[in-house]
Amino acid sequence: YINDYVLDRQEYPMPYFLGYIFNSYYNLNLITTLIEEVFKDPYDSKILSLYDGTKSGEAINNELTTKVPLLFTEDYIANYNTDEKYSSIKLALQDNSIEAWKTTTPTLLLHGSEDTFVPPMVTNKIYQDFLLEGVGADEVLMVPLQGETHQSGILKAGVAQITFFLGIKDA
């Protein structure tokens, strides 16, 4: 879902995440697609060298671009879902995705309603999938953090998690 979300935008504020995912999958030999088929020059040559552990996310962001059409090739944007040459990327992303399961343990899903790094639709989708698995709304709770972004919601999410776990302990 996130790849489709990103490719459908003109800008994505955290290109560090995108390069990190690709670089990780590439180094784990999960991706067989050539990097220059995914990222445009000069970013294709940077992606595999930026993530050496010496640079912060901010430093890496400064080396990349937030403009999706400048970061990714036109072919990748247009054909990611249909061209066989991108199948290893699709498979790696699918394999790394969390799917809902028939949980019997209380589960809390939190998400900032204004998150532009990981869109709220991701949490909404897994919540609906939990319900489709037959998990009751009393076992899986989705709490949108109204007005919060990926960064601004961290403290509220932490407090909500602690409160949730304390509630389970006392129940």
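Notes on the structure follow. A quick note: this is a predicted structure, and the numbers were derived from the prediction, not measured. (Residues numbered from 1 in each chain as written. Predicted model: local features only at pLDDT ≥ 70, side-chain atom pairs only at ≥ 80, totals over all residues. Heavy atoms only, no water.)

### Description of the nonpolar core
Argument step 1. Ranked by size, the top nonpolar core spans 27 residues in total, and within it Y12, F22, V38, F39, F72, Y76 and I89 carry the most contacts.
Argument step 2. When residues of this core are traced back to their parent elements, those giving at least two are α1 (2-7), α2 (15-27), α3 (43-50), α5 (68-71) and α7 (87-95).
Argument step 3. Contact partners of Y12, with chain neighbours within four places excluded, come to Y5, V6, F17, L18, T66, V68, T116 and F117.
Argument step 4. In terms of nonpolar packing, the next biggest core, distinct from the first, is built from seven residues, I126, F130, V135 and V140 among them. (Core = buried A, V, L, I, M, F, W, Y, C linked by side-chain atoms within 4.5 Å. Buried < 20%, exposed > 50% of the residue type's maximum accessible area, 1.4 Å probe, protein only. Helix = DSSP H or I, 4+ residues; strand = E, 2+ residues; numbered from the N terminus. Contact = heavy atoms within 4.5 Å.)

### Digging into the pattern of salt bridges
Argument step 1. As enumerated under the stated definition, the model contains seven salt bridges in all.
Argument step 2. With a closest N to O distance of 2.7 Å, K67 and E11 form a salt bridge. Highlighted residues: K67 in the loop between α4 (57-63) and α5 and E11 in the loop between α1 and α2, separated in sequence by 56 residues.
Argument step 3. Residue K67 is classed as partly exposed on the basis of its relative accessible area of 37%.
Argument step 4. Across the pair K85 and D75 runs a salt bridge, and its minimum N-O distance is 3.1 Å. (Salt bridge = Lys/Arg side-chain N within 4 Å of Asp/Glu carboxyl O.)

### Quick word on α2
Argument step 1. The end-to-end C-alpha distance of α2 is 18 Å, a good match for the 18 Å that 13 residues give at a rise of 1.5 Å each.
Argument step 2. Burial in α2 covers these residues: P15, L18, G19, F22, N23 and Y25. The buried residues of α2 all sit within an arc of 170 degrees when viewed along its axis, so they share a single face.
Argument step 3. Phi turns positive, to about 60 degrees, at N29, one or two residues after α2. (Expected span 1.5 Å × (residues − 1). Arc of directions from axis to C-beta.)

### Here's the deal with the environment of T32
Argument step 1. Tracing the backbone shows T32 in the loop between α2 and α3.
Argument step 2. Sequence separation between T32 and Y80 is 48 residues; the distance between their C-alpha atoms is 14 Å.

### Some words on α3
Argument step 1. Every buried residue of α3 is accounted for by Y43, D44, I47 and L50. For α3, the arc enclosing every buried residue in end-on projection is 140 degrees, short of the 170-degree limit, so these residues lie on one face.
Argument step 2. Turning to α3, the residues buried within the fold contact α2, α4 and α5.

### Remarks on unusual backbone geometry
Argument step 1. P42 follows D41 through a cis peptide bond whose omega is 10 degrees.
Argument step 2. The residue P42 is located in the loop between α2 and α3 in this model.

### Some thoughts on the environment of G147
Argument step 1. Mapping G147 onto the fold places it in the loop between β2 (140-145) and α9 (154-170).
Argument step 2. Each C-alpha atom of the pair G147 and S56 lies 27 Å from the other, and the pair is 91 residues apart in sequence.
Argument step 3. Apart from residues lying up to four places away in sequence, G147 is in contact with S113, E114 and S152.

### Description of the pairing of β2
Argument step 1. Sheet analysis places strand β1 (residues 107-112) next to β2, joined by six bridges and oriented parallel. Residue pairing for β2: G112 is matched across the bridge by L145.
Argument step 2. Remark: the β1/helix α8 (residues 120-132)/β2 crossover connection has right-handed handedness. (Pairing = 2+ DSSP bridges. Right-handed = clockwise from strand over helix to strand, strands pointing away.)

### Some thoughts on the packing of aromatic side chains
Argument step 1. Using the criterion set out here, one finds 13 aromatic pairs in the structure.
Argument step 2. Between the aromatic rings of Y16 and Y20, the centroid separation amounts to 5.9 Å while the plane-to-plane angle is 25 degrees, which identifies the pairing as stacked. Placement of the pair is Y16 and Y20 together in helix α2, with a separation of four residues, close to one helical turn.
Argument step 3. Look at Y20 and you get partly exposed, because its relative accessible area is 44%.
Argument step 4. Taking the centre distance of 5.9 Å and the plane angle of 55 degrees together, the rings of Y20 and Y51 count as tilted. A residue pair is termed long-range when its members are at least 10 positions apart, and Y20 in helix α2 and Y51 in the loop between α3 and α4 qualify at 31 residues.
Argument step 5. Looking at K90, its charged tip hangs above the ring of Y80, at a distance of 6.0 Å from the centre. (Phe/Tyr/Trp six-rings, centres within 6.5 Å; stacked < 30°, edge-to-face > 60°. Lys NZ or Arg CZ within 6 Å of the ring centre and 35° of its normal.)

Purely geometric numbers; function is a separate question.
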